[in-house]
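Next come the chains, spelled out residue by residue.
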Amino acid sequence: MKKNTTTAKKSPKTLSNSKKNQIRQMAAKQRLTIGLDLGDVTSRYCILDEAGEKVSEDRLPTTKVGLSSLFGKMPPSRIALEVGTHSPWVSRHLAGMGHEVIVANPHKVKLITQSVRKNDQIDAEQLARLARVDPKLLSPIQHRGPEAQADLAVIRARAELVDSRTGLINCARGLAKPMGERLKKCDADQVKGSLADGLSEEVKKVIGPLLKSVEEISKQIGVYDERIEEIGKRYPEMKLLTQVHGVGTLIALTYILTIEDAQRFEHSRDVGPYLGLTRKQRDSGGSEPELGITKAGDQLLRRLLVQGAHCILRQGAPDSDLKAWGMARLQNGGKNGKNQKGSKNAKKKTIVAIARKLAVLLHRLWVTGEVYDPLYNRKAAEAAKGKGEAAA
């Protein structure tokens, strides 16, 4: 019989006080650089001196007490860590102790993510060495504040419920069809247990509980909607963004909380690439292949901006420069006329293009505080044309 050799994980050893004092004394004489590879239970660290020599490496608990035990009384040092589940509170905790904290974007640090030799110990050392040479090599990101993080968590929780509701509705419809029956068409928030009325008893028994679950989820989504409306009242810039048709409280608040600091972008057009709404590039010589968007940045905000773009392009939506641009693009068959007019592919690309322009527009309104004129470009073009005719 095979023996069970599985053993419980040992708790990390605590650094001796003499070792801690030795590290702190060294930090007082020279600026140390520390790489911290965060784990769910324990985190691995590597400390380098100014010459790049390894001073110490070990692991400690991923808790405030565990971090404070080593870094609490240490003179200000540079600490690099990767973005992750624990990085928001860890970065704030370490910064509160006076350290310079660099939160690396692992998707852009190929030296770590695509290394053939990869473990926590090596990752910690790589973070320390990159931070020591040039922090920009880590493509550092800036975490939002605790209040913004808590507010955004409400929006993300609502999004999870919406996705769950959609999945349950699709499941109910999918189960009814093979049994020769169909659920009535209606909006997701109108789906209730009574929607099964008129169906056979056999189908009711199958999808009835699903519909009741959907009804309960819709109630909880309504509770989140009320909380989001209350949260929105704390952000006065909301009024600037909701001037645009298709941008309601949910989109505007998600935009503000995700960006948080409008001044982080030198130009409004930089928001598009930040949210992954620009196409990938692999141009070489005369070859310029049409690739999909990068999908970098926040997925939820990107989805919401696409929803806003659908509202702008929808039939019956008020006239605007954005809508006119989108309709003209569709008439021409998409960019450079490469797609067939009216094709699904052309419409998808147009929607994404409008979402990108919408992201830029919202940032511009936020920064300038201007009153939104949906026909600004058209009026400016007509005014310029009138001046040209007068001069002629």
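Residues numbered from 1 in each chain as written. Predicted model: local features only at pLDDT ≥ 70, side-chain atom pairs only at ≥ 80, totals over all residues. Heavy atoms only, no water.

Is there a simple way to explain the overall build of the chain in this structure?
Of regular secondary structure, the chain possesses 14 helices and five strands. Within the chain, the proportion of its 392 residues that are buried is 38%. Across the chain, every contact between residues at least 6 apart in sequence was considered, and the portion connecting residues at least 24 apart equals 58%. Summing over all exposed atoms, the chain offers an accessible surface of approximately 22,900 Å²; the carbon and sulfur share of this is 50%. (Helix = DSSP H or I, 4+ residues; strand = E, 2+ residues; numbered from the N terminus. Buried < 20%, exposed > 50% of the residue type's maximum accessible area, 1.4 Å probe, protein only. Contact = heavy atoms within 4.5 Å. Areas by Shrake-Rupley, 256 points an atom, 1.4 Å probe, with all protein chains shown as cover.)

Can you walk me through the packing of helix H6 (residues 146–176) against helix H7 (residues 201–232) in this structure?
Describing two packed helices takes the angle between their axes plus the distance from one axis to the other. Where H6 meets H7, the closest approach of the two axes is 9 Å, and the angle between their N-to-C directions is 160 degrees. As summarised for this structure, H6 and H7 are arranged roughly antiparallel, according to the angle between their axes. Remark: the crossing between H6 and H7 carries left-handed chirality. When grouped by side-chain class, the residues that make up the contact of H6 with H7 number 22 nonpolar, four polar and five charged. (Axes fitted to C-alpha atoms, helices over the stretch in contact; angles between N-to-C directions. Parallel < 35°, antiparallel > 145°, perpendicular 65-115°, else oblique. Left-handed = near helix turned anticlockwise from the far one by under 90°. Nonpolar A, V, L, I, M, F, W, Y, C, P; charged D, E, K, R; others polar.)

Sorry if this is basic, but what is going on with the environment of Gly-174 here?
Within the secondary structure, Gly-174 is located in helix H6. Residue class for Gly-174 comes out partly exposed when judged on its relative accessible area of 37%. For the pair formed by Gly-174 and Ile-207, sequence separation is 33 residues and the distance between their alpha carbons is 9.8 Å.

What is the right way to look at the side chain of His-363 in this model?
Turning to its location among the elements, His-363 is positioned in helix H13 (residues 344–368). When its relative accessible area of 2% is taken as the criterion, His-363 is described as buried. There is a polar contact of 2.8 Å between the side chain of His-363 and the backbone oxygen of Ala-262. Apart from the residues lying within four places of it in its own chain, the contact partners of His-363 are Tyr-255, Ala-262, Phe-265, Ser-268 and Val-271. (Polar contact = N/O pair within 3.5 Å; in protein donor to acceptor, adjacent residues only side chain to side chain.)

What should I look at first to understand helix H5 (residues 120–133) in this one?
Because an α-helix packs 3.6 residues into every turn, residues spaced three or four apart end up facing the same way. Relative to the 20 Å expected for 14 residues at 1.5 Å per residue, H5 spans 20 Å between its end C-alpha atoms, a close match to the ideal helical length. Turning to H5, its buried residues are Ile-122, Asp-123, Ala-124, Leu-127, Ala-128, Leu-130 and Ala-131. Between the side-chain oxygen of the N-cap and the backbone nitrogen of Gln-121 there are 3.1 Å, and the N-cap of H5 in question is Asn-119. (Expected span 1.5 Å × (residues − 1).)

What's the story with helix H9 (residues 249–259) in this structure? I'm lost.
Along H9, 10 of the 11 residues are buried, which leaves the element largely enclosed by surrounding structure. Of the positions making up H9, those classed as buried are Thr-249, Ile-251, Ala-252, Leu-253, Thr-254, Tyr-255, Ile-256, Leu-257, Thr-258 and Ile-259. Where H9 is buried, its residues touch H6, H7, helix H8 (238–241), helix H10 (271–274), helix H11 (299–313) and H13. Where H9 ends, the next residue or the one after it, Glu-260, has phi of about 65 degrees, a positive value.

How should I be thinking about the side chain of Ser-320 in this particular structure?
Here Ser-320 shows up in the loop between H11 and helix H12 (321–331). Among the polar contacts listed, one links the side chain of Ser-320 to the backbone nitrogen of Lys-323, at a separation of 3.1 Å. Those residues in contact with Ser-320 that sit more than four places away from it in its chain are Ile-312, Tyr-372, Pro-374, Leu-375 and Arg-378.

Can you walk me through the packing of aromatic side chains in this structure?
Pairs of aromatic rings are described using the distance from one ring centre to the other and the angle between the two planes. On inspection of all chains with the given rule, the structure shows two aromatic pairs. Taking the centre distance of 5.1 Å and the plane angle of 70 degrees together, the rings of Phe-265 and Tyr-274 count as edge-to-face. What makes Phe-265 buried here is its relative accessible area of 11%. Across the ring face of Trp-325, the terminal group of Lys-357 is positioned such that the distance to the ring centre comes to 4.7 Å. (Phe/Tyr/Trp six-rings, centres within 6.5 Å; stacked < 30°, edge-to-face > 60°. Lys NZ or Arg CZ within 6 Å of the ring centre and 35° of its normal.)

When you look at the nonpolar core in this model, what are you seeing that I'm missing?
One recurring pattern in soluble globular proteins: nonpolar side chains tend to sit buried together. Within the largest apolar cluster, 43 residues are counted, with the highest numbers of intra-cluster contacts made by Val-244, Leu-253, Tyr-255, Leu-305, Leu-358 and Leu-362. The leading source of residues in this core is H13, at nine residues. In terms of nonpolar packing, the next biggest core, distinct from the first, is built from 18 residues, Ile-47, Phe-71, Ile-79 and Val-103 among them. (Core = buried A, V, L, I, M, F, W, Y, C linked by side-chain atoms within 4.5 Å.)

Before we go on, may I ask you to explain the pairing of strand S4 (residues 78–82) in this structure?
Where a strand is regular, its side chains alternate between the two sheet faces. For S4, the buried fraction is high: five of the five residues fall into the buried class. Side-chain alternation along S4 places Arg-78, Ala-80 and Glu-82 on one buried face and Ile-79 and Leu-81 on a second face that is also buried. One ladder, built from four bridges, connects strand S1 (residues 33–37) with S4; its direction is parallel. Of the residues in S4, the one forming a bridge with Gly-35 is Ala-80. Taken together, the five bridges between S4 and strand S5 (residues 100–104) define a ladder with parallel strand orientation. The residue bridging Ile-79 from the neighbouring strand is Val-101, located in S5. (Pairing = 2+ DSSP bridges.)

Is there a simple way to think about the environment of Leu-38 in this case?
Position of Leu-38 relative to the elements: it lies in the loop between S1 and strand S2 (42–48). Discounting residues that sit within four places of it in the chain, Leu-38 has contacts with Ser-43, Leu-81, Glu-82, His-86, Ser-87 and Val-90.

Help me understand the confidence of the model for the chain in this model?
Should pLDDT be low for a region, the predicted coordinates there are not to be read in detail. In the predicted model, the chain carries a mean pLDDT of 88, and 90% of its residues have values of at least 70. Here residues 1–9 is a poorly scored stretch, pLDDT under 50, and it has zero contacts once near neighbours within four places are set aside; other chains count. (pLDDT = per-residue confidence, 0-100.)

What is the right way to look at a nonpolar patch on the surface in this model?
On the surface, Leu-175, Met-179 and Val-206 cluster together into a nonpolar patch covering about 210 Å² of accessible area. Relative to the helices and strands, Val-206 is located in helix H7. (Patch = residues over 30% accessible without salt bridge, like charges linked within 9 Å, V, L, I, M, F, W, Y side chains within 5 Å. Salt bridge = Lys/Arg side-chain N within 4 Å of Asp/Glu carboxyl O.)

Mind showing me how you'd approach the sheet that holds S1 here?
Think of a sheet as strands paired side by side through backbone hydrogen bonds, with each pair either parallel or antiparallel. Pairing is mixed in the open sheet, where five strands are placed in the order S3-S2-S1-S4-S5. The open sheet terminates on both sides in strands that have one partner only, identified here as strand S3 (54–61) and S5. Averaged over all adjacent pairs, the angle separating strand axes in this sheet is 20 degrees, with direction ignored. As paired strands, S2 and S3 are joined by seven bridges and run antiparallel to one another. By the bridge assignment for S3, Leu-48 is matched with Lys-54. On top of the sheet, H5 reaches S1, S2, S3, S4 and S5; it is set at about 145 degrees to S1, its chief contact.

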